[in-house]
Amino acid sequence: MLRAYLDNNASAPVRAEVAAAMAPFLHENFGNASSVHQRGQAARAALEQARSQVATLIGARPAEIVFTSGGTESDNLAVWGPLADSRPGHVITSAIEHHAVLFPFQELEKRGWRVTWLPVNAQGRIDPGDVRRALTPATALISVMMANNETGVIQPIAPIGTIARAAGVTFHVDAVQAAGKIPIVVEDLNCDLLSLSGHKLHAPQGIGALYLRRGTTLRPMFFGGRHERERRAGTENIPGIVGFGEAARLAAAELESSAERLATLRDRLETRILDAIPEAVVVGAGPRTPNTTNICFAEVDGEALVISLDLQGFCVSAGAACSSGAVDASHVLLAMGLSPARARSCLRFSLGKQNTEAEVAALLEVLPGLVARLRELSPSWRH
Ligand code: PLP
């Protein structure tokens, strides 16, 4: 019994229009885009159309789009690609990046690079001044996310881009959680590289793209065929790419109306929770993506609340998904100054195109009771 899926930042369902656009490429148009025959050429045409659609979503040229297997590969290519031929120097990133950026930077550190980990304030925002102060003549790369996956907080990317460009330092932006939710115009951001992922904007999992500004060179991570202008070897995932193209086209066409609807629904969800539940506090202030809210429930074990909600048919998330089974306090919330105990009491609600008022209302029927019950179990809650 699924009553509401409110975990769209983890993965959003494939839209019907996207599935319909993909279907022919799973059946009759199954060709390899490198083949010279008709089937191959049909795949090639679809690939190039999708490239244009994805480029349009972010104001890029089609030739600047490299298709990848997802956000993680795009992030890794953006970090390793520009540095592959350099001796260890200095790089800059933030303390709140997704693990797809955080872990490559930790790996760089192990290999002798000096890493500046930019802090965030209590609202979850980076100060562009910190980027300027961190720059050294040895700085080779700056990587900052556009919107945080856990809080939705939007970072001051354009001012950071101006600083990076003036210093002549390559600038990567992880826009996986921003694309399709807020406008992106790569020229305005002054970035050289920008990561996208299909399944965050209602395309399938396992397809992504890296924007590579004209003139930016990088060493590929894979060696094989001459796909993607020799920037990413491997037979293209045509059904996934076609789905991504269609999802990007729809997202671009609906950007304004969709953001308005989602923000209204998110704000309603937030207000109702804060009204109904004592000592519930929203984490992250200032500009946020329209679909995301992160709320702390004092003295509640977030993981236990996720499970209790799941049993009632509601899918939400307590911070970043953890594959190891261990529940670590979120590095994002810790960087914002929350104590580990407080960070463990937070839940992320992330909405998608499919969510409705009725689902929000249904959530509010059960959430206050579940929070109260878990608080009863907490020795430190005032009984
Ligand atoms: N970057 C951010 C900000 C994300 O939220 C995610 C996924 O949650 C990724 C990168 C990784 O993307 P993918 O799941 O497509 O590998």
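In what follows, the accompanying structure is described. (Residues numbered from 1 in each chain as written. Predicted model: local features only at pLDDT ≥ 70, side-chain atom pairs only at ≥ 80, totals over all residues. Heavy atoms only, no water.)

## What to know about empty space enclosed by the protein
Argument step 1. For the coordinates displayed, the defined rule picks out 1 cavity of 30 Å³ or more.
Argument step 2. Quantified by volume, the largest cavity comes out at close to 190 Å³.
Argument step 3. Taken together, 19 residues line the largest cavity, and the ones lying closest to its centre are Gly 180, Leu 201, His 202, Ser 258 and Lys 353.
Argument step 4. A class-by-class count of the residues in the lining of the largest cavity yields 8 nonpolar, 6 polar and 5 charged. (1 Å grid on protein atoms, 1.4 Å probe; cavity = no way out; pocket = protein on both sides within 12 Å on 5 of 7 lines; lining within 4 Å. Points joined across faces, edges and corners; volume = space filled by probe spheres on them. Nonpolar A, V, L, I, M, F, W, Y, C, P; charged D, E, K, R; others polar.)

## Notes on the nonpolar core
Argument step 1. With 67 residues, the main nonpolar core has Ile 58, Phe 67 and Leu 194 as its most contacted residues.
Argument step 2. With 8 residues, the single largest contributor to this core is helix α8 (residues 238–276).
Argument step 3. Excluding anything up to four places from it in sequence, Leu 194 contacts Ile 58, His 172, Val 173, Ala 175, Ile 184, Val 186, Leu 189, Ala 209, Leu 210 and Tyr 211. (Core = buried A, V, L, I, M, F, W, Y, C linked by side-chain atoms within 4.5 Å. Buried < 20%, exposed > 50% of the residue type's maximum accessible area, 1.4 Å probe, protein only. Helix = DSSP H or I, 4+ residues; strand = E, 2+ residues; numbered from the N terminus. Contact = heavy atoms within 4.5 Å.)

## Some words on the site of the ligand
Argument step 1. Taken together, 13 residues lie near the ligand, and Gly 71, Thr 72, Asp 174, Ser 197 and Lys 200 sit nearest.
Argument step 2. Gln 177 places a polar side-chain atom, nitrogen or oxygen, 2.8 Å from an oxygen atom of the ligand.
Argument step 3. One of the side-chain nitrogen or oxygen atoms of Ser 197 is found 2.7 Å away from an oxygen atom of the ligand.
Argument step 4. In isolation the ligand exposes 390 Å². Once the protein is present, 87% of that is buried.
Argument step 5. The element that contributes the greatest number of residues to the shell around the ligand is helix α3 (residues 71–83), accounting for 3 residues.
Argument step 6. In terms of residue class, the shell around the ligand is built from 2 nonpolar, 8 polar and 3 charged. (Near = heavy atom within 4 Å. Polar contact = N/O pair within 3.5 Å; in protein donor to acceptor, adjacent residues only side chain to side chain. Areas by Shrake-Rupley, 256 points an atom, 1.4 Å probe, with all protein chains shown as cover.)

## Considerations on the side chain of Glu 246
Argument step 1. Inspection of the secondary structure assignment puts Glu 246 in helix α8.
Argument step 2. The residues touching Glu 246, leaving out its near neighbours within four places in the chain, are Glu 17, Val 18, Ala 21 and Gln 53.

## Digging into the sheet that holds strand β7 (residues 193–197)
Argument step 1. With mixed pairing, the 7 strands of this open sheet are ordered in space as β2-β8-β7-β6-β5-β3-β4. The open sheet has two free edges, formed respectively by β2 (65–68) and β4 (114–118), since each of these has just one partner strand. Sheet twist, expressed as the average angle between the axes of neighbouring strands with direction ignored, equals 20°.
Argument step 2. Sheet topology places strand β3 (residues 90–94) next to strand β5 (residues 139–145); 4 bridges connect them, and they run parallel. Within β5, the position partnered with Ile 92 by the bridge is Ile 142. (Pairing = 2+ DSSP bridges. Axes fitted to C-alpha atoms, helices over the stretch in contact; angles between N-to-C directions.)

## Here we look at the packing of helix α9 (residues 302–311) against helix α12 (residues 357–376)
Argument step 1. Close contact between α9 and α12 brings their axes to 10 Å; oriented N to C, the two are set at 140°. With respect to α12, the element α9 is oriented oblique. Crossing handedness for the pair α9 and α12: right-handed. Here α9 contributes Ala 304, Leu 305, Ser 308 and Leu 309 to the contact with α12, which in turn contributes Leu 363, Val 366, Leu 367, Leu 370, Val 371 and Leu 374.
Argument step 2. For the contact of α9 with α12, the per-class residue count stands at 9 nonpolar, 1 polar and no charged. (Parallel < 35°, antiparallel > 145°, perpendicular 65-115°, else oblique. Left-handed = near helix turned anticlockwise from the far one by under 90°.)

## Overview of the side chain of Ser 94
Argument step 1. Here Ser 94 lies in strand β3.
Argument step 2. From its side chain, Ser 94 meets the backbone nitrogen of Ile 96 in a polar contact 3.2 Å long.
Argument step 3. There is a polar contact of 2.7 Å between the side chain of Ser 94 and the side chain of Glu 97.

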